[in-house]
Amino acid sequence: MKTEHEKLLAGQDYDYRDPELQQLITRGKQLLTVINGGQGAARQAAIQDFFGRTGQRLTINGHFSAVYGVHIQVGDDVFINGNCTFQDSNQIILGDRVIIAPDVKLYCGSHALDAMHRFGVRPGGSRYLITTTAPILIGNDVWIGGNVTIIGGVHIGNNVVVGAGAVVTKDVPDNMVVAGVPARIIETLPPLPQS
């Protein structure tokens, strides 16, 4: 039988009140307090402890919000600007050389459209919010513009620009500029040279 954490990562219904998940949330909040208010070596240590994986030269410029932290993997030379929220109830993976502008929101969690299926009942009659999740994958050399929202299950390819204010609900292939609500392709970029 799967734990609630295993269900979360598998995209199945899970109960966020599970003690293991609550412990991870508490740990994440404590580390975020240091990341958002600390300086120097203490802040760098908290960043390393918070994320599931960090590459080299990660910059977090300003306030940052997430839930668990351990579900977030970050490549090399990633820049995350202020007031960004990563709702990491599943994996969020950023490639190398990703720029995240201010006010970007990455949301892995979702709930049923049917109101009758948004809450479950546990033995004993207690009700709980039913949540499902899907990962967000962002490739290399991607620029996510300000105030963009990316929904769980989306894969953004390499060499992509997401215009400010876009809501990304579907996968974006390599070498594209997308914008709008919902985001759509507005331009094709030349492929990057192979290194």
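Residues numbered from 1 in each chain as written. Predicted model: local features only at pLDDT ≥ 70, side-chain atom pairs only at ≥ 80, totals over all residues. Heavy atoms only, no water.

**Observations regarding the packing of helix H2 (residues 19-37) against helix H3 (residues 40-50)**
Each packed pair of helices is defined by two parameters, the angle between the axes and the distance between the axes.
Here is step 1: Look at H2 against H3: their axes get within 8 Å of each other, and the N-to-C directions meet at 150°. The orientation of H2 relative to H3 falls into the category roughly antiparallel. For the pair H2 and H3, the sense of crossing is left-handed. Residue-level inspection shows Arg-27, Gly-28, Leu-31, Leu-32, Val-34 and Ile-35 of H2 in contact with H3, the latter providing Ala-42, Arg-43, Ala-46, Ile-47, Asp-49 and Phe-50. (Axes fitted to C-alpha atoms, helices over the stretch in contact; angles between N-to-C directions. Helix = DSSP H or I, 4+ residues; strand = E, 2+ residues; numbered from the N terminus. Parallel < 35°, antiparallel > 145°, perpendicular 65-115°, else oblique. Left-handed = near helix turned anticlockwise from the far one by under 90°. Contact = heavy atoms within 4.5 Å.)

**A short note on unusual backbone geometry**
Here is step 1: Of the consecutive residues Val-181 and Pro-182, the connecting peptide bond is found in the cis state with omega at -10°.
Here is step 2: In this structure, Arg-57 takes a positive phi of about 60° despite not being glycine.
Here is step 3: Looking at the element boundaries, Arg-57 is found in the loop between strand E1 (53-54) and strand E2 (59-60).
Here is step 4: Here the phi dihedral of Asn-159 falls at roughly 55°; this positive angle occurs in a residue that is not glycine.
Here is step 5: Position of Asn-159 among the secondary structure elements: in the loop between strand E17 (155-156) and strand E18 (161-162).
Here is step 6: Look at Asn-159 and you get buried, because its relative accessible area is 10%. (Buried < 20%, exposed > 50% of the residue type's maximum accessible area, 1.4 Å probe, protein only.)

**A short note on the sheet that holds strand E9 (residues 105-107)**
Here is step 1: Spatially, 5 strands are ordered E3-E6-E9-E16-E19 in an open sheet, and the strand pairing comes out parallel. Only two strands of the sheet have a single partner each, and these edge strands are strand E3 (64-66) and strand E19 (167-168). (Pairing = 2+ DSSP bridges.)

**Side note on the sheet that holds E18**
Here is step 1: Reading across the sheet, the 7 strands line up as E2-E5-E8-E15-E18-E20-E21 and stay open at both edges, with mixed pairing between neighbours. A single partner strand is all that each edge strand has here, and the edge strands are E2 and strand E21 (184-188).
Here is step 2: Where strand E20 (residues 176-179) meets E21, 4 bridges bridge the pair, whose relative direction is antiparallel. Along E21, the bridge assignment pairs Val-178 with Ile-185.

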